[in-house]
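Read off the chains here:
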Protein chains: 2
Amino acid sequence: MYPELLTHIKKYTSLTPAEEQLLCEKLELKKLKKKEFVLEAGKYCHGNYFVVKGCLRLYFVNNKLNEQIIQFGIENWWITDYDGLMSKQPSTCYIQTVEPSEVLFLSEKDQAILFEQIPHLESYFRIMMQKAYVASQRRIGFIFNQTEEERYRHFSSRFPEFMQRVPQYMLASYLGFTPQFLSRLRAKKI
Amino acid sequence: MYPELLTHIKKYTSLTPAEEQLLCEKLELKKLKKKEFVLEAGKYCHGNYFVVKGCLRLYFVNNKLNEQIIQFGIENWWITDYDGLMSKQPSTCYIQTVEPSEVLFLSEKDQAILFEQIPHLESYFRIMMQKAYVASQRRIGFIFNQTEEERYRHFSSRFPEFMQRVPQYMLASYLGFTPQFLSRLRAKKI
DNA sequence: CGATTTTTTGAATCATATCAACGTACGTGG
DNA sequence: CCACGTACGTTGATATGATTCAAAAAATCG
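Here's a quick rundown of the structure. (Residues numbered from 1 in each chain as written. Chains lettered and ligands numbered in written order. Predicted model: local features only at pLDDT ≥ 70, side-chain atom pairs only at ≥ 80, totals over all residues. Heavy atoms only, no water.)

1. Description of the pairing of strand S7 (residues 94–97) of chain B
Residues and elements named next belong to chain B.
Inference 1: Bridging between strand S2 (residues 37–39) and S7 involves two bridges; their strand directions are antiparallel. Among the inter-strand pairings, Leu39 is bridged to a residue of S7, identified as Ile95.
Inference 2: In the sheet, strand S4 (residues 56–61) pairs with S7 via four bridges, with the strands oriented antiparallel. By the bridge assignment, Arg57 is partnered in S7 with Gln96. (Pairing = 2+ DSSP bridges. Helix = DSSP H or I, 4+ residues; strand = E, 2+ residues; numbered from the N terminus.)

This is how it looks when you write it as structure tokens:
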């Protein structure tokens, strides 16, 4: 049994003990070292990762050969390449740990089986998707309506602890500007 | 019965005739004139709109008092303020028709009831959310990795017919730059 | 047709990127 | 446990691409 995930699910829906059992049987706990990959471009994405502990990043390499971070996954977030998963095509991105991490892996196949057996589990994932969608719509709003500086200040006031956990160049990538620019922002602040 | 929606659902899951019946009883067809609002900032968002015909836009007014378009909804898309819906707070954005349109309204309340009765309907919405999420993640990738010009060219090659349907200033807003800049891009092209 | 909305154009300005070099920290093998 | 190498962060000078403001031109609508 994996209490972190079950507690998280309870926030949004309810499962019977038997359903919890069924779910946990399908999950696979993976302990990962720092900088370990769970997905690489060109390979197929086979499922979904729930972060129990640690931090992962999802990024792709753009045409200037820079790594563009699309998403971070920290404790209690699901992370995967949904694009690759849905299209059944080889992935175009990478998912890698930023810190030593523990994740629960749920394969696409098992997820589909569980959805038929446990309607409330599908409900949970619908809500997760909806939340993720809202978050990324908000992010688009921020990108278009705030200067890089405002975005940085907003992010650092909202996630101060998180800032400590990742290198600056990753933050810069996530926020959509250069590491040099981030460095200057920090210098300016004091 | 609303064949456009039922056909769309069949692409992703299957409903029994009885389930289709149940669903359609809860839907409300609304015929809307051009520039009619279905949601305004400050009001509560009560449900979800499926676009049968026409085009709507979801936008908010930023601190420079410009309208920032977050999303367009055309035929076979669902559109609503999921943020306001989930948070149960007054909305911060507007949803307005761009053309005369027909939409099916499904209230949040009815949707919750239907999800309990029809697990496959929840499945359909989970998949819709996942698709929407993927689309908005992709959009973030584009924003960060292409110049404004590349984004415009990409968009116009991908949705040439759609470009004809909306005023340029809305496209500029959606793509994240000024109408003047878009005008110059077009002038450059020839 | 007149009124409003939308698009175009020009010139000046500003924010961020780029390139390049130098500092600093960190962890890995000897 | 120290030293070296690589990864990460800082700083300065210059370049560039998009914005802003203002006004005119064109298109759309009742």
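2. A short note on the protein's contact with DNA strand D
Inference 1: Lining the immediate surroundings of DNA strand D are 17 residues, of which Gln168, Ser183 and Arg184 of chain A together with Glu148 and Arg184 of chain B lie closest.
Inference 2: The sugar-phosphate share of atoms of DNA strand D within 4 Å of the protein amounts to 66%.
Inference 3: One nitrogen or oxygen atom from the side chain of Gln168 of chain A is found 2.9 Å from a phosphate oxygen belonging to DNA strand D.
Inference 4: One nitrogen or oxygen atom from the main chain of Tyr169 of chain A is found 3.2 Å from a phosphate oxygen belonging to DNA strand D.
Inference 5: Of the residues forming the surface near DNA strand D, the biggest block, four residues, is contributed by helix H9 (residues 179–189) of chain A.
Inference 6: A class-by-class count of the residues in the surface near DNA strand D yields five nonpolar, six polar and six charged. (Near = heavy atom within 4 Å. Polar contact = N/O pair within 3.5 Å; in protein donor to acceptor, adjacent residues only side chain to side chain. Nonpolar A, V, L, I, M, F, W, Y, C, P; charged D, E, K, R; others polar.)

3. Observations regarding the protein's contact with DNA strand C
Inference 1: Near DNA strand C, the surroundings consist of 15 residues, among which Glu148 and Arg184 of chain A together with Gln168, Tyr169 and Arg184 of chain B are the closest.
Inference 2: Sugar plus phosphate, as a fraction of atoms of DNA strand C within 4 Å of the protein: 66%.
Inference 3: Ser183 of chain B has a polar side-chain atom sitting 3.1 Å from a phosphate oxygen of DNA strand C.
Inference 4: Looking at the surface near DNA strand C, the elements with two or more residues in it are H9 of chain A together with helix H8 (168–175) and helix H9 (179–189) of chain B.
Inference 5: With four residues, H9 of chain B is the largest single contributor of residues to the surface near DNA strand C.
Inference 6: In terms of residue class, the surface near DNA strand C is built from five nonpolar, six polar and four charged.

4. Comments concerning the packing of aromatic side chains
All names here are of chain A.
Inference 1: Tallied over the full model, the rule gives 30 aromatic pairs over all chains.
Inference 2: Ring geometry for Phe115 versus Phe125: centroids 5.6 Å apart, planes at 65°, classification edge-to-face. One end of the pair, Phe115, is in helix H4 (residues 108–117); the other, Phe125, is in helix H5 (residues 119–145), and ten residues separate them in sequence. Accessibility classification places Phe115 together with Phe125 in one group, the buried group.
Inference 3: Counting every residue linked through ring pairs, the aromatic cluster contains Tyr12, Phe50, Trp78, Phe115, Tyr124 and Phe125.
Inference 4: Taking NZ or CZ as reference, Lys30 lies 5.0 Å from the ring centre of Phe105, over its face. (Phe/Tyr/Trp six-rings, centres within 6.5 Å; stacked < 30°, edge-to-face > 60°. Buried < 20%, exposed > 50% of the residue type's maximum accessible area, 1.4 Å probe, protein only. Lys NZ or Arg CZ within 6 Å of the ring centre and 35° of its normal.)

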